[in-house]
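Structural overview
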Amino acid sequence: MAEPDGGDDVFDGDAPLSGADGTAGGRKLAAIGRSHSVQPEQGQMDAAQQRRLMPRGHSVDASTIGEDDVTVSYTKRKEYIRLKNLLTGHEDVDTLHQSGIMVCPIACTSNRCVGSMMTPSGGEQAPKRLHGEVRPAEEVLEHATDFLNQYYGSLKSKNSSTHDRRLKQVAMEIQERGTYNLTEKELAFGAKTAWRNAPRCIGRIQWNRLQLFDCRHVTTAKEMVDAIKRHVEYGTNAGNIRSAITVFPQRLDGQSDFRVWNQQFFKYAAFKQEDGSVIGDPSSLEFTDVCKGLGWKAEKEGPFVVLPLVVQARGQPPECFDISDLNMEVPFTHPEYEWFAELGLKWYVVPAVTNFLFDCGGIEFPAAPFNGWYMGTEVGRDLCDDNRYNVLPEVARRMGLDTRSASTLWKDKALVEVNLAILHSFQKTNVTISDHHSASASFMKHLEKEFSVRGGCPTDWVWVNPPMSSSTTQVYHQEMLMYQLRPSYEYQEDPWRIEAHRKLGDRKDRFRNFAKVVQTFSRMFKTSMSRRVKAIILYATETGRSATYAKKVGELLSHSFNYQVTCMDEYNPLELEHEQLVVIVTSTFGNGEPPENGVEFYRALSEMAADEDNHQWLTNIKFSVFGLGSRAYPHFCAFGKDVDRVLKALGGERVIDPGEGDELCGQEESFLEWMKKCYQSSCQAYNIDEGDKTLADKALSAMRAAWEPKMYRVTQLDTTTTTAAEKLPHTEVLGMLHHKKTARASVKCVKELQAVGATRSTILVQLNTNASSQLSYSPGDHLGVCPSNSAELVESCLEKLQLDIEADKPLGIEVQQRGDDDNYNGKWSNFERFPEQCSMRHALTHFMDITSTPTPQMISLMVALVDKEKENAEEQKEKLVKLSKGSDFYEDWKYDRFSTLPEFLTEFPALKVPASLLLAQLPLLQPRFYSISSCPKLHPGEVHLTVAVVTYTTKVDTTHHGVSSTWMSKLEEGQDVTCFVRKAPSFHLPDDLVSPVVMVGPGTGIAPFRSFWQRRLFLIKSQQGVGASDSDKHRFSSDADNRDFGLGRMKLFFGCRHDNIDNIYKQEISENLFEGSLNKVCYAFSRDPNHPKQYVQQRIEAQAEAEQLVTDLCENNGHVYVCGDVSMADRVSRSFQNILVSVAAMSTEEASAFISHLKSAGRYHEDIFGVTLKTQEVTDGKRAAAKRLWALSTKGHSAMKSVPKVRPMPAVASQRRTSGGGAASSGKPMMPRRSVDSKSSAGGGGRKQPRLTPPKRISGDSSSQRMSAGSPKTSESTVLEEKEEQ
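Everything quoted here is computed from the prediction, not taken from an experiment.

1. Structural notes on the overall build of the protein chain
Along the backbone of the protein chain there are 38 helices and 48 strands. In the protein chain, which comprises 1286 residues, the share counted as buried stands at 55%. Nonlocal contacts in the protein chain, meaning residues at least 24 apart in sequence, comprise 77% of its contacts between residues at least 6 apart. As displayed, the protein chain has an accessible area near 54300 Å², and 49% of this comes from carbon and sulfur atoms.

2. Considering the environment of Tyr489
Tracing the backbone through its elements, the reader meets Tyr489 in strand β23 (residues 488-490). Of the residues examined, Tyr489 reaches a relative accessible area of 8% and is grouped as buried. Separated by 123 residues in sequence, Tyr489 and Pro366 have C-alpha atoms that sit 9.8 Å apart. The contacts of Tyr489, once residues within four sequence positions are left out, are Ala191, Ala194, Trp195, Leu210, Ile245, Phe356, Leu357, Phe358, Phe370 and Gln484. Separated by 2.8 Å, the side chain of Tyr489 and the backbone oxygen of Ala191 make a polar contact.

3. Things to note about unusual backbone geometry
A negative phi holds for most residues other than glycine; trans holds for most peptide bonds. Cis geometry is adopted by the peptide bond preceding Pro487, which originates at Arg486 and carries an omega value of 0°. Relative to the assigned elements, Pro487 resides in the loop between β22 (484-485) and β23. Positive phi is not limited to glycine here, since His739 has a value of about 55°. Judged by its relative accessible area of 70%, His739 is exposed. Non-glycine residue Phe898 carries a positive phi angle of around 50°. On the secondary structure map, Phe898 appears in the loop between α25 (888-897) and α26 (901-907).

4. A short note on the packing of helix α15 (residues 545-557) against helix α18 (residues 667-685)
Axis separation between α15 and α18 bottoms out at 10 Å; the angle between their running directions is 35°. The hand of the α15/α18 crossing is right-handed. When α15 is examined against α18, the residues Arg545, Tyr549, Lys552, Val553, Leu556 and Leu557 are found in contact with a partner set consisting of Gln667, Glu668, Phe671, Trp674, Met675, Lys676 and Tyr679. The class makeup of the residues in the contact of α15 with α18 is eight nonpolar, one polar and four charged.

5. What about the sheet that holds strand β43 (residues 1050-1056)?
Strand order across the open sheet formed by five strands is β44-β43-β42-β45-β46, with parallel pairing between neighbours. Single-partner strands in this sheet number two, and they are β44 (1080-1085) and β46 (1164-1169). Between one strand axis and the next, the sheet turns through 10° on average, direction left out of account. In terms of strand pairing, strand β42 (residues 997-1000) meets strand β45 (residues 1119-1125) through four bridges, oriented parallel. Residue pairing across strands places Met999 opposite Tyr1121, the latter belonging to β45.

6. A few points about the packing of helix α8 (residues 376-384) against helix α10 (residues 410-428)
Between α8 and α10, the shortest axis-to-axis distance is 9 Å and the interhelical angle comes to 125°. Overall, the two elements α8 and α10 adopt an arrangement that is oblique. The two elements α8 and α10 meet at a crossing, and its hand is right-handed. Counted together, Gly376, Thr377, Val379, Gly380, Leu383 and Cys384 of α8 and Leu415, Val418, Asn419, Ile422 and Leu423 of α10 form the full contact between these two elements. Residue composition of the contact of α8 with α10, grouped by class: seven nonpolar, four polar and no charged.

7. Looking at the side chain of Asp1088
Topologically, Asp1088 is positioned in the loop between β44 and α32 (1096-1101). Comment: no salt bridge for buried Asp1088; closest opposite-charge side chain is Lys1066, at 7.8 Å. Within the structure, Asp1088 has its side chain in polar contact with the backbone nitrogen of Asp1059 (distance 2.8 Å).

8. Focus on the packing of aromatic side chains
Counted according to the given criterion, the structure contains 46 aromatic pairs. Ring geometry for Tyr268 and Phe304: centres 5.1 Å apart, planes at 80°, overall edge-to-face. Taken together, the residues Tyr268 in the loop between β9 (259-260) and β10 (270-272) and Phe304 in the loop between α7 (285-293) and β12 (309-312) connect sequence positions 36 residues apart. For Phe304, a relative accessible area of 14% gives the class buried. Seen in terms of ring centroids, Tyr890 and Trp893 are 5.8 Å apart; in terms of plane orientation they differ by 40°. Their pairing is tilted. Note that Tyr890 and Trp893 are positioned in helix α25 at a spacing of three residues, about one turn of the helix. Under the relative-accessibility criterion, Trp893 is labelled buried at 3%.

9. A few points about the nonpolar core
One finds Phe332, Trp347 and Leu383 to be the most contacted residues of the largest nonpolar core, which totals 84 residues. In terms of residue count, α18 provides more of this core than any other element does, eight residues in total. Counting 54 residues, the second largest nonpolar core, distinct from the first, contains Val140, Cys360, Ile536 and Val646.

10. Some details on the sheet that holds β23
With antiparallel pairing, the three strands of this open sheet are ordered in space as β18-β17-β23. The open sheet has two edge strands, β18 (363-365) and β23, and neither has a second partner. The mean angle between the axes of side-by-side strands here comes to 25°, regardless of whether they run parallel or antiparallel. Strand direction decides the pairing type here: strand β17 (residues 357-360) and β23, joined by three bridges, are antiparallel. Paired with Phe358 across the two strands is Tyr489, which belongs to β23. Its contacts with the sheet place helix α5 (residues 184-197) against β17, β18 and β23, and it is angled at close to 115° to β17.

11. Focus: the pattern of salt bridges
Applying the stated criterion across every chain, the model contains 50 salt bridges. Between Arg82 and Glu91 there is a salt bridge, and its shortest N-O distance comes to 3.8 Å. Note on Arg82: relative accessible area 27%, which makes it partly exposed. The closest approach of N and O atoms between Glu490 and Arg486, which form a salt bridge, is 3.4 Å. The same class applies to Glu490 as to Arg486, namely buried.

12. Quick word on the pairing of strand β41 (residues 976-982)
With six of seven residues buried, β41 lies mostly within the body of the structure. In this sheet, β41 lies alongside strand β33 (residues 782-785) in antiparallel orientation, the contact comprising four bridges. Of the residues in β41, the one forming a bridge with Leu783 is Val981.

13. Quick notes on a negative patch on the surface
A cluster of like negative charges, contributed by Glu448, Asp611, Glu612 and Asp613, occupies part of the molecular surface. Inspection of the secondary structure assignment puts Asp611 in the loop between α16 (599-609) and β27 (622-629).

14. Considerations on the pairing of strand β26 (residues 581-587)
Within a regular beta strand, the side chains point alternately toward one face of the sheet and then the other, so they alternate between its two faces. Here β26 lies mainly inside the structure; seven of its seven residues are buried. Because side chains alternate across β26, one face comprises the buried residues Leu581, Val583, Val585 and Ser587, and the other comprises Val582, Ile584 and Thr586, equally buried. Sheet topology note: the strand β24 (residues 534-540)/β26 ladder contains six bridges and is parallel. By the bridge assignment, Ala540 is partnered in β26 with Thr586. Judged from the seven bridges that link them, β26 and β27 form a sheet pairing that is parallel. If you follow Leu581 over to β27, its bridge partner there is Lys622.

15. Digging into the environment of Gly203
Residue placement: Gly203 occurs in the loop between α5 and β7 (211-214). Sequence separation of Gly203 and Ser442 is 239 residues, and the distance between their C-alpha atoms is 7.6 Å.

16. Some details on helix α34 (residues 1126-1144)
Side chains that are three or four residues apart share a direction in an α-helix, a result of its 3.6 residues per turn. For α34, which comprises 19 residues, the first-to-last C-alpha distance of 26 Å matches the rise-based estimate of 27 Å (1.5 Å per residue) to within 8%. Downstream of α34 by one or two residues, Ala1145 has phi in the positive range, about 55°.

17. Quick notes on the confidence of the model for the protein chain
Across the protein chain, pLDDT averages 79, with 76% of residues at or above 70. Throughout residues 1-78 the model reports pLDDT below 50, and contacts reaching past four residues in sequence, or to other chains, amount to 153 contacts. For the stretch residues 1171-1178, pLDDT sits under 50, and the model shows 16 contacts to residues farther than four places along the chain or on other chains.

Parameters and conventions
- Residues numbered from 1 in each chain as written.
- Predicted model: local features only at pLDDT ≥ 70, side-chain atom pairs only at ≥ 80, totals over all residues.
- Heavy atoms only, no water.
- Helix = DSSP H or I, 4+ residues; strand = E, 2+ residues; numbered from the N terminus.
- Buried < 20%, exposed > 50% of the residue type's maximum accessible area, 1.4 Å probe, protein only.
- Contact = heavy atoms within 4.5 Å.
- Areas by Shrake-Rupley, 256 points an atom, 1.4 Å probe, with all protein chains shown as cover.
- Polar contact = N/O pair within 3.5 Å; in protein donor to acceptor, adjacent residues only side chain to side chain.
- Axes fitted to C-alpha atoms, helices over the stretch in contact; angles between N-to-C directions.
- Left-handed = near helix turned anticlockwise from the far one by under 90°.
- Nonpolar A, V, L, I, M, F, W, Y, C, P; charged D, E, K, R; others polar.
- Pairing = 2+ DSSP bridges.
- Parallel < 35°, antiparallel > 145°, perpendicular 65-115°, else oblique.
- Lys, Arg positive; Asp, Glu negative; His and termini not counted.
- Salt bridge = Lys/Arg side-chain N within 4 Å of Asp/Glu carboxyl O.
- Phe/Tyr/Trp six-rings, centres within 6.5 Å; stacked < 30°, edge-to-face > 60°.
- Core = buried A, V, L, I, M, F, W, Y, C linked by side-chain atoms within 4.5 Å.
- Patch = residues over 30% accessible without salt bridge, like charges linked within 9 Å, V, L, I, M, F, W, Y side chains within 5 Å.
- Charge placed at Lys NZ, Arg CZ, Asp CG, Glu CD.
- Expected span 1.5 Å × (residues − 1).
- pLDDT = per-residue confidence, 0-100.

See below:
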């Protein structure tokens, strides 16, 4: 029995509770006091028995107890119930029965229990309302409030502003019309929770995988049948059964309900014979007569004739439909008895309950059929029960059993063999089924999790115990508490009893007509229903390319899905469990990190995935991922792979293997091919007809032709009129264009850092922040700069365009609409791509990218613009067609030239390109990111950048200039610069000021380290009382130890070509060495005749530095910061591994694992930018490898078929503290034991060996700090960098 116990919470006073009047108090008491064994009459109960039935601390007035009425006086203690497992002795405490609105599931009283009744007292909590009466508004509001509290609680948004707004909205709707409408996500949550709350279901462990089909829009019986057909196809899934629910319109007036009259989608008819016997399923006798009364007539009588589907829409007379063609059946055979097949037994595979009422948030849905899959004993009862098919006597006879006496247990033996045949047959035909022992074990797991998560699980012990071998299952020995929560599935009166007064009418011709209707409208049905499957497309991007690709995915999915395209930072990750199809398109930033607008999304998912209890959280969704990246980076498409891995870990189901696009080769073609497969596979997953495989091809062709001369037109605007948009500040316009919080900075000065006579240029750009809060930053962060194209390049472009407008006057862009016949209808509307009205020159200067090489898709749009009258027009067109295919020919052509738009138009002079093509299709001019080179404490109101001015020559001897660096090199004092800060928390200085800091940064890789040593310089000066706030002084002094200034060592490894030319901060470094903010600088000069040729990695491996570095890393919680190009960063990482091998006696594998651990612990930081221009051979090598992989993928091989675990799962939620205060995780490498040299152990002249201890985790370490870098460049953008070669 379940033992009541006392809690500590109090009630406000005594409260009478009635077990039959439906009050909240009565419902609670009935739930608490109910036991599955019948209790003795009240007069037979002693005081101890009465006390056991009641919570501790409560008193009972026996004189008030009657047959249907119980009154309890509360003594201000909140009750809870202890539930014991009689096998293990383990006890759980149920508190869930206290929460929310509860209904009394059975009409139990103090002297009777009706828990074993099928539908006690007219139904589970028979409503006090008569049929036809709607729920009172005040009751609807009460239920709605409770439900919305549950819903927003599941999103961890309870009592949020969104929650409050929704409550007010619902209350207003109920006040106005007595009811309200649930959103689709609320409905999905309610349907799943109702299954979770269903006390009689043993298979609830799958509750979160329930697929919702929202059909509240249907109005006719035909539409209901179409929806049910869709449900059956999805649920059957060729035998791999999937749980689903279809919800039809809610009850409004009680007279116009939607109902499914059947008990299940499929059930076998019963034909009563003259001798009183029955052919078929005797439980269907009454409903078979109902169907006959509706005009149905079976073609022939038999044991397995499927009944028609009877549906009723809007309270109208019911209609019959034949859906037997959708019924999948399993014929039964036995693994040992060949004669078993001769019995001719079979059964349908989809068990769907169709006659329950779905009660959710105060709204009643009389038609909400749902299905799961069978437990074998369910079918066994259908076949073996005396009042069903009763096959046991025949089975026993064929087995040769003695059936003369029940004591021979012939029924038991035959029953086991029938159940064995059922399991064998389902498994043989690959149809989902569960045996009762497995179902029992899974329910116990569900029970354990529910007590952990919710504090209870309402369960009807009578029902969850299987009908065979019950005591051999685990659930038999578990005490359970029976109560019912809302949302819920409720029994309701059979509709034909309600409709008995209506004339059913003659429906004899219904079936002949239906067969024709189904055939005629089959394709229409699939198309219309597919639009109700929701797809969410999420993207994360730095430059906008992922967003563009995501929108293309949306355009394609729109043919068959209801889609929404959303940026990750605008989406609540907790909403994922309510989605159906999830498509991710994302780039990777820097060395494998998420773009800024994907950080929080990934952090949330990673934290949930770290908890094993969440590994079934997303079992209801299907997903696919496409990653954009560059193989120039070591962690190619790492963020896309990470998202795919986390979604899979949380229980999601892949629709298609993740795709990847390499900007070095064939990125756009890879994406289009993946998108096509994603669409087709998604349609197959949801049983959607996508046009016999042709719709995707047509849609993709339409995308490649997204612009036509007739589609857009450019108009000259009246210059005498002004609009609000024209008055927007330029900074605000760029912020709206790039979806960034931009601010206006002004140029303080631009200084050349290279020595006189240098062949290259590196500049220090000092900007005034103008006290903008948007430009608040920390050392290590990046500054995004919005540059402009050069005036010369813009003028060259204008000269080559086919312009019919003035270049310096405001213009407008309009798009022509298409009619129903897909032809243009002459109606024009504004195409608002830019946030302001501007001239063509202004758009080319500030908004559009005219330096990047046109893509194959862009070239394909230009093919039709060749002027046949021009010289060599045919040859040019032929080459354009070849380039538009995106083959190796295009890739080689692109990387030989890196043609700007003016150069492209020069190469193809026969092109007549209109302005509308560029304004509608040309990519936006993207911001450029730079590591900030200043400390805001030392330079308040300023932000500094160290910029290499890029100039390079292509293979065809064309000189190009970097857009942003060249633009900044020409800035003058006072000129405005639009910019924004990108936080890089994974590249910040450690909070522990005494931790040693090692910085490695050749060339302009020194940029962020200037901000580091300036921060240290500020701290030193603040200790000396120079220009520091009290808070900074206090923070600094509190971290002081016996070291000078209380700061850990800061060592810089810097490399350049020549000491006297490229050593750009030589003087400032010397000053900081003198001040103590830098402790040591190790220079490496690669081309200076006065110094040995060295690179920074060689200085790291030098013995003079290696020992101290190993000590700092292994003993002193040291941090390493690396900034530079990707190839340099890889070599530096190998150098650190080498010194761990040579000095710390680690193996190569141990050293590699140790560096990986430092990265995951947030102690090895990388700020990486991609392939630089100095190493053409590196670029060519990377491209050659990329082309080989692309060639494989285009031949049918999946580029990411087996996704490697590139990086470990963030250990945010799974970290456990060690006794020493460090962090330990399952991924931590084992540290090797060192044999201590006898001399050193005795204090002699031997070298002191470093003590290898697990690295300590820095304060405030998080998943974002775990990630390795805050790169100033995203790998979805052009491979040509704005940074100097290293």
